[in-house]
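Chains, contacts and geometry: an overview
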Amino acid sequence: MEVEAQLSSITRKALLVLSCVILSIGHCGGPLVMRLYFVRGGERMWFSSWLETAGWPLILVPLIITYMHRRTKHGSHAKLFFMKPPLFVASAVIGVLTALDDYLYAYGVAKLPVSTIALIIASQLAFTAAFAFLLVKQMFTSYSVNAIFLLSIGAGVLALHTSSDRPANESNKEYYLGFFTTLAAAALYGFILPLVELTYKKAKQAITYSLVMEIQMVMCFFATVFCTVGMLVNNDFQRGKRYELGEAKYYLVVVWNGIMWQCFYLGAIGVIFCASSLLAGIVLAVLLPVTEILAVIFFHEKFQAEKGVSLALSLWGFVYFYGEIQDSKKKKNPTPETELPQTVNP
């Protein structure tokens, strides 16, 4: 009989740290590589959206390794896949929502500087908190209310000062459209994170990290299929005008685009598995200054006063969320009913 041991505290923390590192690489590198594609001559929106999830076959590598490990322990009785049909359907639906989010985000990256995008995406933490309250009963406190207010004000500051960082040859209409599509992407992904956590909680099976990777693969597969349809409808398979960096570097940018975003998604669901969707949102907020600095270094973007104010408000909002976590640790002990059935099953 197969014995499933409880995931030890040390293993869970190690997996959480690893997921945070992978998420950090994807969250900081993804926008930079995607922006590089657009500023050097790339112009295909659906193709850029497609790249965000097209790296899903990479997940097959760890899945095959874990399966071979199970084979050595359980022989021919080892399961090839753990996912049951209801969880498969839920993952497919989330994948379609992810594709829509990818398109909104890609449009924003095409129109806005990375430093501006990062500040707008910081509002995602507020949306994550709101949807976590609705979907997984994450309770609001004075900390979270103050944080949501500050993050909203931070995004508002950027919305009222658009002329200073608007790219050349871009109209105010295009800039505003890029701003609001990015904000919509933040809101939609703020909904997706708690939805993934809810899927974990409602799954009528033990949630193992192998199953988490299967969920990620199904999500990305259906997101890629959806974006492929978008590419077909919009005839988005042609490369277009000559890429400034040359053909070889064009394909290098394309490949790294896919790798970076796969790191982002795999890290995000790993953090949700080990902790919560709210912590995933907080990690993304913590990385805000890093993304800002990298954008200034690599793209020589201006960092005006309004961006400084927005960054300060966003970090202030993060401090409130961190205070909520520390406060909840003191007041609340987890009960078996609220914990996910996490097991070691590579």
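Use the structure listed above.
This report concerns the structure included in the present document.

Analysis parameters
- Residues numbered from 1 in each chain as written.
- Predicted model: local features only at pLDDT ≥ 70, side-chain atom pairs only at ≥ 80, totals over all residues.
- Heavy atoms only, no water.
- Helix = DSSP H or I, 4+ residues; strand = E, 2+ residues; numbered from the N terminus.
- Buried < 20%, exposed > 50% of the residue type's maximum accessible area, 1.4 Å probe, protein only.
- Contact = heavy atoms within 4.5 Å.
- Areas by Shrake-Rupley, 256 points an atom, 1.4 Å probe, with all protein chains shown as cover.
- Core = buried A, V, L, I, M, F, W, Y, C linked by side-chain atoms within 4.5 Å.
- Phe/Tyr/Trp six-rings, centres within 6.5 Å; stacked < 30°, edge-to-face > 60°.
- Lys NZ or Arg CZ within 6 Å of the ring centre and 35° of its normal.
- Salt bridge = Lys/Arg side-chain N within 4 Å of Asp/Glu carboxyl O.
- Axes fitted to C-alpha atoms, helices over the stretch in contact; angles between N-to-C directions.
- Parallel < 35°, antiparallel > 145°, perpendicular 65-115°, else oblique.
- Left-handed = near helix turned anticlockwise from the far one by under 90°.
- Nonpolar A, V, L, I, M, F, W, Y, C, P; charged D, E, K, R; others polar.
- Disulfide = S-S within 2.5 Å.
- 1 Å grid on protein atoms, 1.4 Å probe; cavity = no way out; pocket = protein on both sides within 12 Å on 5 of 7 lines; lining within 4 Å.
- Points joined across faces, edges and corners; volume = space filled by probe spheres on them.
- Expected span 1.5 Å × (residues − 1).
- Polar contact = N/O pair within 3.5 Å; in protein donor to acceptor, adjacent residues only side chain to side chain.

**Considerations on the overall build of the chain**
Counting secondary structure elements, the chain contains 13 helices and two strands. Every one of the 346 residues in the chain was classed for burial, and the buried ones make up 51%. Within the chain, residue pairs in contact and separated by at least 24 positions form 87% of the contacts whose partners lie at least 6 positions apart. Of the roughly 16,500 Å² of accessible surface on the chain, 68% is carried by carbon and sulfur atoms.

**Examining the nonpolar core**
Core analysis: the largest hydrophobic core is formed by 73 residues, its most contacted members being Tyr105, Tyr200 and Phe273. Sorting the residues of this core by element identifies α1 (9-39), α2 (45-51), α4 (85-111), α5 (114-121), α8 (172-202), α9 (209-233), α10 (247-274) and α11 (277-286) as the ones contributing at least two each. The dominant element in this core, judged by the number of residues it contributes, is α10, at 14 residues.

**Details of the packing of aromatic side chains**
Taken as a whole and assessed by the stated rule, the structure comprises 19 aromatic pairs. A centroid spacing of 5.7 Å and a plane angle of 75° characterise the contact between Phe88 and Phe222, whose relative ring orientation is edge-to-face. With Phe88 in helix α4 and Phe222 in helix α9, this pair connects stretches of sequence that are 134 residues apart. Judged by its relative accessible area of 24%, Phe222 falls in the partly exposed class. Where Tyr250 meets Tyr251, the ring centres are 5.1 Å apart and the plane angle is 80°; that geometry is what we call edge-to-face. The buried category is assigned to Tyr250, whose relative accessible area is 4%. Positioned above the aromatic ring of Phe47 is the side chain of Arg44, whose terminal nitrogen or guanidinium carbon lies 3.9 Å from the ring centre.

**What to know about the pattern of salt bridges**
For the structure on display, the rule yields two salt bridges. Notably, a salt bridge pairs Glu244 with Arg40, separated by 3.5 Å at the nearest N-O pair. Highlighted residues: Glu244 in the loop between α9 and α10 and Arg40 in the loop between α1 and α2, separated in sequence by 204 residues. Given a relative accessible area of 35%, Arg40 falls into the partly exposed group. Two residues, Glu174 and Lys111, come together in a salt bridge whose shortest N-O distance is 3.6 Å. With Glu174 in helix α8 and Lys111 in helix α4, this pair connects stretches of sequence that are 63 residues apart.

**Quick look at the packing of α5 against α8**
Taken N-terminus to C-terminus, the directions of α5 and α8 make an angle of 40°; their axes are 9 Å apart at the nearest point. Classified by the interaxial angle, the pair formed by α5 and α8 is oblique. Relative to α8, α5 is oriented so that their crossing is right-handed. In contact with Thr116, Ile117, Ile120 and Ile121 of α5, α8 contributes Tyr175, Phe179, Thr182, Leu183 and Ala186. Looking at the contact of α5 with α8 residue by residue, the classes come out as seven nonpolar, two polar and no charged.

**A short note on the state of the cysteines**
Enumeration over the complete set of coordinates arrives at zero disulfides. As a non-bridged cysteine, Cys274 has Cys20 as the owner of its nearest cysteine sulfur, 8.3 Å distant.

**Digging into the packing of α1 against helix α12 (residues 288-299)**
At their nearest, the axes of α1 and α12 sit 10 Å apart, and the two run at 30° to each other. Our classification of the angle between α1 and α12 gives roughly parallel. The chirality of how α1 crosses α12 is right-handed. Contacts from His27, Cys28, Leu32, Arg35, Leu36 and Val39 in α1 reach Val290, Thr291, Leu294, Ala295, Phe298 and Phe299 in α12. Here the residues of the contact of α1 with α12 are counted per class, giving nine nonpolar, two polar and one charged.

**Looking at empty space enclosed by the protein**
Applying the stated criterion across every chain yields a total of four cavities of 30 Å³ or more. Quantified by volume, the largest cavity comes out at close to 190 Å³. Along the walls of the largest cavity sit 18 residues, with Tyr105, Ile121, Gln124, Trp261 and Phe264 positioned nearest its centre. Secondary-structure elements contributing two or more residues to the lining of the largest cavity are α1, α4, α5, α8 and α10. A per-element tally of the lining of the largest cavity places α5 first, with four residues. When its residues are assigned to classes, the lining of the largest cavity shows twelve nonpolar, three polar and three charged.

**Topic: helix α3 (residues 60-74)**
Over its 15 residues, α3 runs 20 Å from end to end, which matches the ideal 21 Å to within 8%, given 1.5 Å per residue. Buried residues along α3 sit in contact with α9. Within two residues after α3, Gly75 carries a phi angle of roughly 65°, on the positive side.

**Looking at the side chain of Ser91**
Counting through the fold element by element, Ser91 comes out in helix α4. Overall, Ser91 belongs to the buried group, its relative accessible area being 1%. Here Leu87 takes part through its backbone oxygen, which lies 2.8 Å from a polar atom of the side chain of Ser91. With near-sequence residues (within four places) excluded, Ser91 lies in contact with Met83, Ile215, Val218 and Met219.

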